[in-house]
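# Analysis of the macromolecular model
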Amino acid sequence: MIRKLTRREALIGVSSTLLLPAACSDNGDAPDAAYLHGVASGDPDSTSVVIWTRVSNTDGQTAVGWRVAADENFQNNVVRGEYRTDASRDYTVNVVVDNLNPGQEYFYQFEVEGIRSPVGRTKTLPVGHVDRLVMAIATCSNYAFGYFNAYEVIANDPSIDLVLHLGDYIYEHGPDGYGGETGQRIGRNHEPPRETLTLADYRQRHAQYKTDLNSMAMHARHPLIVIWDDHESANNPWMGGASNHQDDEGDWETRRAESLQAFYEWLPIRDPHNGGTREEYWRHYQFGDLASLITLESRHTARSKQIDIDDYLDDIKSGADAQEFINTIVGAPDRDLLSSKMKQFLADELAESVHANRRWRIIGSASVMARRTAPNLNDPFFAAQENDLTDDGKQTLEGLTQLGNLGLPADLDSWNGYPAALDSFYQISKDAGAHDLLVLSGDSHSSWQNVLYDAAGESMGVELGSTGISSPRSLLKLGQEGLKRFDELNAANNREVVWTEGRYRGFIRLEINHDRARADFVTVSNVESRNYSTQIVRSVDIESRDGTLQYV
């Protein structure tokens, strides 16, 4: 593989070659046949962390030994134990290792019948005074659309403390669906070769994603904090169904339950506790006096059905009609995203963070929060370009132009489609004394630098949105230059959008200390092969001023 070593990689010591000793067997050729899906860790707190693997080529109940040490050579073993797995959990191993020391690096390994797994590296969360935290922000990793090259860049950055994955860790589509054409062309077809509907289907799909070597490397190097979005179950779910769940595909509640079961089996996360259900998946991660990270669940515990704007467009003839639609239909007060238990958790944990005087209050959101309407596309650029577009591109441009002329939002699956829920979220934050939110968002396949305001125009903080690891922006139908111009107009026409970029794939490297936060939008030049280079397309600094956050 050929890669250009970037300035940023040189500064942080990232290797220009693929390093996989933590993800492959001792001979360096491939994962051992007993551990075809590597090892992983995640869901940490200050004294415990989850370690994970999956035992391949076995049947019946299998005893899996595990050990954790303070050094990668296992000269200083800290704790060891045994875990029994079987077909009821697809032979996955999910161990909560506790009684560990805060803020310490550990190494872990599994063993079955004398066969040892690759070695993984992990960390517990720190307590007390914390100088610095570095996170990689990832989202939207679609196997069929390309190689997880950005995962390799993350794996090879030794300064990263953890990976925050904001959803769409897998995709449910079959080879004839989203990404299928690309998957066929580059030899990364989805397995099973159909849309995932059953527990067996979801397990096989998770297993396929875990065979990607770059994924194995990243998981072996860094602990994972992960939330789900929609595609872990089906596109655009709500409490009563999903846009990609049809009447002939069985019972929705059964499908959702089985998709979440596979999620808990195949990722290094803790099982529900304190009487909670699998759907009630939210967390507060505390990093000493430096930061709180609160993750939201917005898909399976409260979400109202998404509004299809096409059902209303024939009756929207003017800006006044559009505003009435937003106020009465989209803005109906009973349209929600967060459950009452999620809201109470958010209120309690934000108040705790403010009381503890932590420097940063970070929110992990599966979708973009900033308010946006489609930009006005009556622009000479698009008039000149239209004849060069495909039929799909022309149709996309026509639809966006209509929305822009009416001042309507283009994405009603995001927080844009739930203004009452957003107002409630901001009120909870203000009641807790938190006007300084640093929101990290996924889902959109675009990079975002946003500012956030409540309905009264009061600053609530800032938002950073991460582009996809491999999933492309749908508006690429406008062409590279067309999407570039659309993004420029999107920022120019929306108060809360400072900058956005949808042409690239990659992740955000976020480094925070007590003075400021620095976000590097890291991109990879190619995902359709293993040959790529990296580039930082934008860097932004954030400081706290006047009780909220501002870009500097």
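Now for a look at the structure at hand. (Residues numbered from 1 in each chain as written. Predicted model: local features only at pLDDT ≥ 70, side-chain atom pairs only at ≥ 80, totals over all residues. Heavy atoms only, no water.)

## Observations concerning helix α7 (residues 319-330)
The condition is simple: The buried label goes to any residue with under 20% of its type's maximum accessible area, the exposed label to any with over 50%, and the partly exposed label to all in between, with areas taken from a 1.4 Å probe on protein chains only. Numbering of helices and strands runs from the N terminus; a helix is a DSSP stretch of H or I covering at least four residues, while a strand is a stretch of E covering at least two. Arc, as used here, means the arc of the directions from the helix axis to the C-beta atoms. Contact between two residues is taken to exist if any of their heavy atoms lie within 4.5 Å; hydrogens are not considered.
Where α7 is concerned, the buried positions are Ala-322, Phe-325 and Val-330. Around the axis of α7, the buried residues are gathered within 55 degrees of arc, so they sit on the same side. Elements in contact with the buried residues of α7: α10 (391-406) and α11 (419-431).

## Thoughts on the nonpolar core
Note the following rule: Put simply, buried Ala, Val, Leu, Ile, Met, Phe, Trp, Tyr and Cys residues joined by side-chain atoms within 4.5 Å make one nonpolar core.
Grouped together as the largest cluster of nonpolar side chains are 37 residues, with contacts concentrated most on Tyr-151, Ile-154 and Phe-507. Elements supplying a minimum of two residues to this core: β9 (132-138), α2 (149-155), α4 (199-210), α5 (213-221), β11 (224-226), α6 (252-266) and β22 (517-524). With 5 residues, the top contributor of residues to this core is α2. Leaving out residues up to four positions away in the same chain, Phe-507 has contacts with Ala-136, Ile-137, Ala-150, Val-153, Ile-154, Ser-466, Thr-467, Ile-469, Asp-520, Phe-521 and Val-522. Within the second largest apolar cluster, 35 residues are counted, among which are Leu-166, Ala-291, Ala-517 and Ala-519.

## What to know about the pattern of salt bridges
It is possible for side chains bearing opposite charge to pair when their charged atoms get close. For clarity, the threshold we go by: The salt bridge criterion pairs a side-chain nitrogen of Lys or Arg with a carboxyl oxygen of Asp or Glu, the two atoms within 4 Å.
Under the definition given, this model contains 39 salt bridges. Put simply, Glu-511 and Arg-509 hold a salt bridge, and the shortest N to O gap is 3.1 Å. By sharing partners, the salt bridges in this structure join Arg-516, Arg-518, Asp-520, Asp-541, Glu-543 and Arg-545 into a single network.

## Some words on the side chain of Arg-359
What counts here: A residue counts as positive if it is Lys or Arg and as negative if it is Asp or Glu; His and the chain ends are not included. Pairing of N or O atoms within 3.5 Å defines a polar contact, subject to two protein rules: one partner must be a possible hydrogen donor and the other a possible acceptor, and residues neighboring in sequence count only if both atoms are side-chain atoms.
Structurally, Arg-359 is set in the loop between α8 (340-355) and β16 (360-365). The side chain of Arg-359 is buried and forms no salt bridge, while Asp-436, the nearest opposite charge, is found at 5.7 Å. At a separation of 2.8 Å, a polar atom in the side chain of Arg-359 contacts the main-chain carbonyl oxygen of His-514. In this structure Arg-359 touches Asp-289, Leu-290, Asn-513, His-514, Asp-515, Glu-543 and Ser-544, once residues within four positions along its chain are discounted.

## A word on a negative patch on the surface
Put simply, the rule is: Patches here: salt-bridge-free residues with over 30% relative accessible area, like charges joined within 9 Å, nonpolar side chains (Val, Leu, Ile, Met, Phe, Trp, Tyr) joined within 5 Å. What sets the accessible areas is the Shrake-Rupley method with a 1.4 Å probe; for residues, cover comes only from the shown protein chains. The atoms used to mark charge sites are NZ of Lys, CZ of Arg, CG of Asp and CD of Glu.
A grouping of Asp-308, Asp-310, Asp-311, Asp-314, Asp-315, Asp-321 and Glu-324 is seen on the molecular surface, where their side chains present a negatively charged patch. When you line up the elements, Asp-321 lands in helix α7.

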